[in-house]
Amino acid sequence: MAVAPGQVMSLTCTVSGYSLTDGSYCTNWIRQPAGKALEWVGCICGDGINCIELTQPASMVVTPGQVMSLTCTVSGYSVTDSSYCTHWIRQPAGKALEWVARICGSGSTYYSDKLKS
């Protein structure tokens, strides 16, 4: 279904194996415009946590070994709360979404093999 800018589209979703109001889960929304790669839209969590999309101000290219810093604002939780982990997902130009890392308030970190040197 194609929707013109400014139009509203409603979706009905049925989930199984968990409840949308269960604070242990978040439901992510991903779309794929015709002829384009997947795009992350947002998420809704049962415990009221809000997920946001980080948009960098300009395109950046870094070579292996260079450091790139991003700033992200979260709402609904603290990144230092050991009950939560923050996942990072990137989308290289013209390519599909790619999981990058999980950084938890407890201090544990997990990185994609693509980032390991």
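Residues numbered from 1 in each chain as written. Predicted model: local features only at pLDDT ≥ 70, side-chain atom pairs only at ≥ 80, totals over all residues. Heavy atoms only, no water.

1. Focus on the overall build of the protein
Selection criterion: Under the scheme used here, helices are H or I runs from DSSP no shorter than 4 residues and strands are E runs no shorter than 2 residues, and both carry numbers assigned from the N terminus. Exposure classes here rest on a 1.4 Å probe applied to the protein chains alone. A residue is buried below 20% of its type maximum, exposed above 50%, and partly exposed in between. Where accessible areas are quoted, they stem from the Shrake-Rupley method and a 1.4 Å probe; at the residue level, only the protein chains shown are allowed to cover.
Of the regular secondary structure elements, the protein holds zero helices and five strands. Helices and strands in the protein line up, N terminus first, as β-β-β-β-β. Counting across all 117 residues of the protein, residues that qualify as buried make up 12%. Accessible surface computed for the protein: about 9,200 Å², of which carbon and sulfur atoms make up 54%.

2. A look at the sheet that holds strand β4 (residues 98-104)
Heads up, the condition is: By this definition, two strands are paired if DSSP reports at least two bridges between them. For every element, the axis is a line fit to its C-alpha atoms; helices are fit only across the contacting stretch, and the angle between N-to-C directions ranges from 0 to 180 degrees.
With respect to topology, three strands assemble into an open sheet ordered β3-β4-β5, the strand pairing being antiparallel. The open sheet is flanked by β3 (85-90) and β5 (109-111), the only strands paired with a single partner. Pairwise comparison of adjacent strand axes, ignoring direction, gives a mean angle of 15° for this sheet. Strand direction decides the pairing type here: β4 and β5, joined by three bridges, are antiparallel. Looking at the pairing, Ala 101 lines up with Tyr 111 of β5.

3. Notes on the side chain of Thr 86
Basically, it comes down to this: The contact criterion used throughout is that any non-hydrogen atoms of two residues lie within 4.5 Å.
Here Thr 86 is to be found in strand β3. With residues up to four places along the chain from it excluded, the contact list for Thr 86 reads Tyr 77, Val 79, Ala 101, Arg 102 and Ile 103.

4. Considerations on the confidence of the model for the protein
To keep things clear, this is the line we draw: As a per-residue measure, pLDDT reflects the predictor's confidence and takes values from 0 up to 100.
Of all residues in the protein, 85% have pLDDT values of 70 or greater, and the mean over the chain is 75. No element of the protein has a lower mean pLDDT than strand β2 (residues 39-45), which averages 73, and none a higher one than β5, which averages 87.

5. As for the environment of Cys 85
Locating Cys 85 in the fold gives a position in strand β3. C-alpha separation for the pair Cys 85 and Ala 101, spaced 16 residues apart in sequence, amounts to 9.9 Å. Leave out the neighbours within four places in its chain, and Cys 85 touches Arg 102, Ile 103 and Cys 104.

6. Focus on a nonpolar patch on the surface
So the rule is basically this: A patch consists of residues exposed above 30% relative accessible area that lack any salt bridge, with like charges linked at up to 9 Å and nonpolar side chains (Val, Leu, Ile, Met, Phe, Trp, Tyr) linked at up to 5 Å. By salt bridge we mean one thing: a side-chain nitrogen of Lys or Arg within 4 Å of a carboxyl oxygen of Asp or Glu.
Among the surface-exposed residues, Val 3, Met 9, Leu 11, Trp 29, Val 41 and Ile 44 lie close enough to one another that they form a single nonpolar patch of about 530 Å² accessible area. With respect to the helices, strands and loops of the structure, Ile 44 is situated in strand β2. Residue class for Ile 44 comes out exposed when judged on its relative accessible area of 55%.

7. Structural notes on the environment of Arg 31
Considering the arrangement of structural elements, one finds Arg 31 in strand β1 (residues 26-31). Along the sequence, Arg 31 and Gly 42 sit eleven residues apart, while their C-alpha atoms lie 9.9 Å from each other.

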